[in-house]
Amino acid sequence: MFVKNTQDKLNNLKQKILDQLQDAKEKKVLRDLEIKYLGRKGEFTKILRELKNLKIEEREKIGKLANQIKNELQKKFKELNSEASEFNSSASEFTDVTLSGEKIEKGHLHPITIVQNELENLFTSMGFVIEEGPELESDYYNFEALNLPKHHPARDMQDTFYVDTRKETKKNGQINTNDLVMRTHTSPVQIRAMQKYGAPLKCVVPGRVFRCEATDACHEHTFDQLEGLMIDKNISITNLIATMKELLKGIFKKDMEVRVRPGYFPFVKPGIELDIKCTICNGKKCPACKNSGWLELLPAGMVHPNVLKYGGIDPKKYSGFAFGLGLTRLAMMKYGINDIRLFNSGDLRFLKQF
Ligand code: PHE
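Report follows, based on the coordinates.

Conventions used here
Every chain is numbered independently, its residues counted from 1 as its sequence is written. For this predicted model, a pLDDT threshold of at least 70 governs which residues receive local features, and a threshold of 80 or more governs which side-chain atom pairs are given and counted, while totals over whole chains, interfaces and linings are taken from all residues. Derived side-chain values reflect all non-hydrogen atoms in the structure, with water molecules and hydrogen atoms excluded from consideration. Burial classes follow relative accessibility: with a 1.4 Å probe on protein chains only, a residue under 20% of its type's maximum area counts as buried, one over 50% as exposed, and anything between as partly exposed. Where helices and strands are cited, they refer to DSSP runs of H or I of at least four residues and of E of at least two residues respectively, numbered from the N terminus. Residue proximity to a molecule or strand is established when one non-hydrogen atom of the residue lies within 4 Å of it. In protein, a polar contact requires one atom able to donate a hydrogen and another able to accept it; more generally it is a pair of N or O atoms within 3.5 Å, and residues adjacent in sequence count only if both atoms are side-chain atoms. Using a 1.4 Å probe, accessible areas were evaluated by the Shrake-Rupley method; residue-level cover was limited to the displayed protein chains. Under this grouping Gly is polar, as are all residues other than the nonpolar Ala, Val, Leu, Ile, Met, Phe, Trp, Tyr, Cys and Pro and the charged Asp, Glu, Lys and Arg. Lines fitted to the C-alpha atoms define the axes, with helices restricted to the stretch that makes contact. Angles between their N-to-C directions range from 0 to 180 degrees. Each angle receives one of four descriptions, namely roughly parallel if under 35 degrees, roughly antiparallel if over 145, roughly perpendicular if within 65 to 115, and oblique otherwise. Whether two residues are in contact is decided by their heavy atoms, any of which lying within 4.5 Å being enough.

1. Quick look at helix α7 (residues 188–197)
In step 1: When α7 is considered as a whole, its buried residues turn out to be P188, V189, Q190, I191, A193 and M194.
In step 2: Looking one or two residues past α7, G198 carries a phi angle of roughly 70°, positive in sign.

2. Some details on the site of the ligand
In step 1: As a matter of local geometry, the ligand sits amid 15 residues, with H185, S187, R211, Q225 and G324 nearest to it.
In step 2: In this structure, Q225 approaches the ligand through a side-chain N or O atom, which is 3.0 Å from an oxygen atom.
In step 3: Contact with the protein chains removes 94% of the 330 Å² of surface that the ligand exposes when unbound.
In step 4: Only β8 (222–232), β11 (294–303) and β12 (319–326) provide two or more residues apiece to the shell around the ligand.
In step 5: For the shell around the ligand, the leading source of residues is β12, giving 3 residues.
In step 6: Of the residues assigned to the shell around the ligand, the class counts are 7 nonpolar, 6 polar and 2 charged.

3. Digging into the packing of helix α5 (residues 111–125) against helix α10 (residues 327–335)
In helix packing, the relevant descriptors are the interaxial angle and the interaxial distance, both defined with respect to the helix axes.
In step 1: Running from amino to carboxyl end, α5 crosses α10 at an angle of 100°, the nearest separation of the two axes being 9 Å. Taken as axis vectors, α5 and α10 run roughly perpendicular relative to one another. Together, P111, I112, I114, V115, Q116, E118 and L119 of α5 and L327, T328, L330, A331, K334 and Y335 of α10 make up the contact between the two elements.
In step 2: Considered class by class, the residues forming the contact of α5 with α10 number 9 nonpolar, 2 polar and 2 charged.

Below, the structure written as structure tokens:
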């Protein structure tokens, strides 16, 4: 009895909808009708929900009929929609153009995007191209070609998410593993860019990187970097420092006081760490600068000859510099954000401030 009832209900509803469709000539009317009957809270859907109370065989029978009717109606809606007019044609409806408009709420750019856009503008104005690379990267580009062979102790400096898809290929009787990692830095794109463009070359690479970190206010497993690479004849460390200063001026809109320390990264030689005076305490020492008065911002150095070779560039003819700016860290300093976890939190109270 229940089955018959539901069948009738469906057929009646179908007829009702078809009758109403006869007069529907405008898109808006069609849309409203479709929502009213076929939408998530529509009458049709309501009947479908009741199906769960039926026995299995009955449910199958009615379900089939319901789907058939629904498809038919959807087709009809589509057909009518393509013939319908966009605007209300009845002369009795009139639009008062003097009414004040409805305010449309504007979206916000993410603070990382803002800083990234600024830097991209700055570097393109200096003739750099913007490159991108994959976030799921081969062990080869992420480490090997950056002068970090397997089992090199310096790999420990970057806690790595190794992805377990070992693809073994055999070449000349030798087994090669093609391990994948979530890239730990944007540096692999140095090699990719060299292979793509050769020398001379000027590029920056913004992007997301991943480290297997325990998260706290200053550590995240996912953050952003901006890699920079310049290769040409006679490039020296003075070119590097001058470019870094230009970069900092572009971001902080004033000359920044910097200091240079030696730093170790296997893909540069010599390697440096460029620090800026703490923007929070202005060098007076505070928790944000670990009571040193300085903030580590820019690891950099002269590209190691082995890395140039991996990129297919002759280190006897060319030299270059590279830097790896922490975009996330920079955004924190620029806006005085004290917890890195806010960036990926999706919290609108945070995002709406930018
Ligand atoms: N890739 C390094 C890191 O993420 C930073 C770096 C880039 C250092 C380029 C030197 C040159 O730690």
